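Fold and contact review
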Amino acid sequence: MSPPLHFLFLLFALTLSGTIRFGFGIGVGINYGQIANNLPSPSHVAVLLESISVSRVKLYDADSNVLEAFAGTGVQFIIGLGNEYLVNMSNANMAQSWIQANVQPYIGRTNITCIVVGNEVLTGNDTTMMEYLLPAMQGVYAALSDLGLEQQVIVTSAHSVGILSDSYPPSSGTFQANLGQYIQPLLNFHSMIGSPFLINAYPFFAYKGDPDQVSLPYALFETNPGMTDPNTGLHYDNMLYAQIDAVYAAMKAIGHVDIEIRISETGWPSKGDPDEVGASLQNAEAYNGNLLQRIARKEATPGRPSVPINVHVFALFNEDLKPGPTSERNYGLYYPNVTPVYNIGLQQGYLSGFSVSSALRQRNSLDLCILSLLGMVEFLFSLEVLEKLTILIRLPSQIQSTKLKPSHLSRLPHLYRIVHLTAIRSTRYR
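A quick note: this is a predicted structure, and the numbers were derived from the prediction, not measured.

So, about the packing of helix H6 (residues 127-146) against helix H7 (residues 180-193). The N-to-C vectors of H6 and H7 enclose an angle of 10°; their axes lie 11 Å apart at closest approach. The orientation of H6 relative to H7 falls into the category roughly parallel. In this structure, H6 meets H7 at a crossing whose hand is left-handed. Of the residues in H7, those in contact with Thr127, Met130, Glu131, Leu133, Leu134, Met137, Gln138 and Tyr141 of H6 are Tyr182, Pro185, Leu186, Phe189, His190 and Ile193.

The terminal C-alpha atoms of helix H10 (residues 239-253), which comprises 15 residues, lie 21 Å apart, in line with the 21 Å expected from a rise of 1.5 Å per residue. Within H10, 13 of the 15 residues are buried, which leaves the element mostly enclosed by the surrounding structure. A distance of 3.2 Å separates the backbone nitrogen of leucine 240 from a side-chain oxygen at the start of H10, and that oxygen is part of asparagine 238.

Our next topic: the sheet that holds strand E4 (residues 111-119). Taken in spatial order, the 8 strands line up as E1-E2-E3-E4-E5-E8-E11-E14 and close into a barrel, and their pairing is parallel. Strand after strand, the sheet turns through a mean of 25° between neighbouring axes, direction not considered. Pairing analysis gives 3 bridges linking strand E5 (residues 154-160) to strand E8 (residues 197-200), with the strands arranged parallel. Within E8, the position partnered with alanine 158 by the bridge is leucine 198.

This brings us to the nonpolar core. Ranked by size, the top nonpolar core spans 102 residues in total, and within it Phe70 and Ile115 carry the most contacts. With sequence-adjacent residues up to four places away left out, isoleucine 115 is seen in contact with Ile79, Leu81, Trp98, Ile99, Val103, Val140, Leu144, Val153, Ile154, Val155 and Thr156. In this structure, Ile78, Cys114, Ala158 and Leu198 belong to the second largest nonpolar core, which totals 5 residues.

Structurally, the position occupied by glycine 80 is in strand E3 (residues 76-81). The buried category is assigned to glycine 80, whose relative accessible area is 8%. In the structure, glycine 80 is positioned 17 residues away from aspartate 63 in sequence and 9.3 Å away in space, judged by C-alpha atoms. When sequence neighbours within four positions are dropped, the list of residues in contact with glycine 80 reads Leu59, Tyr60, Asp61, Ala62, Trp98 and Val116.

Conventions and cut-offs
- Residues numbered from 1 in each chain as written.
- Predicted model: local features only at pLDDT ≥ 70, side-chain atom pairs only at ≥ 80, totals over all residues.
- Heavy atoms only, no water.
- Axes fitted to C-alpha atoms, helices over the stretch in contact; angles between N-to-C directions.
- Helix = DSSP H or I, 4+ residues; strand = E, 2+ residues; numbered from the N terminus.
- Parallel < 35°, antiparallel > 145°, perpendicular 65-115°, else oblique.
- Left-handed = near helix turned anticlockwise from the far one by under 90°.
- Contact = heavy atoms within 4.5 Å.
- Expected span 1.5 Å × (residues − 1).
- Buried < 20%, exposed > 50% of the residue type's maximum accessible area, 1.4 Å probe, protein only.
- Polar contact = N/O pair within 3.5 Å; in protein donor to acceptor, adjacent residues only side chain to side chain.
- Pairing = 2+ DSSP bridges.
- Core = buried A, V, L, I, M, F, W, Y, C linked by side-chain atoms within 4.5 Å.

Here you go:
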């Protein structure tokens, strides 16, 4: 099935809009949730993420349609095993069957790098799930080892910052006492296999819960006095870094300084119910925009200055079928029609590798449109993939009639790659 015309015309329209100097391909990951009935197909999502140079994606399952659509792209995938699988994954045979069905077939085609076993299990109410979390992780790891994949695919789990009983100041971070029986052996396992500890951290929740005491600029990475940890003397200018270091402190308190913390989810909703203080488009734009800039600068937390923050932003799309308050359906960076919810540069990301001056854009916008249309025309006429490759040969004859300078021509392959990827994805689903 070919992509709808509106998707192609959106690609063309974004070409018209110009380019940006701050691209999204800066080491950030994205959570690709699918609790919705109006999302674009995985093949279209592959084109979108290629266009904004996102190279890391986190799923909440092992959706074969997504993994097939991204085959050959090189995008690194974290796939998920839901809480409902934990009991079964503690069984060696069932764990191996799951790996053979959901991981092994994609090795060498789709770049699966991690399996997240369970999500926020320890802050739930199901003690059975808590008891099975570690055995399930061990079962998945053993299955990967039996198939020789344990070095290629790491095993971990994702946790809410709610596992902490104290987080202020960061150096006083401690785990909830009632979770010690689960967390201690879990951290021992992480240490043994060398996998990271994943945290879902949302400064939005802290602000919403106590807006009179929590500074909004501090939560949004905006200019603010910050706070200094009285025990370490370290200064914090944002809440996310403080939350990360609080988890490091909690791990150190029970004997572990050898495990890296990564942020598996963080974000800010662009809309909420009347009682959801702080849920707004302006705040979401500020939070995610400022976060991306810090990731681009390869910043680290004060407590771990040599370890750049590793983040998967939540989420790629607004998801209209998610239960709960309005905010739950409005964390997306994009609407399902593939237009940005707010402006942090993503609406211009289709040409993020084609950075030219403002004056050049004004002079040559028509030239760029012609080049973009060449690829669209080829695609719409459904030529064979091999024929599409000849666009790079034919482009010089078109370029001769434009005013593009030779120094700009080296950037044309990025534009072509987007058009070409769209064509390849379409032939796969006809």
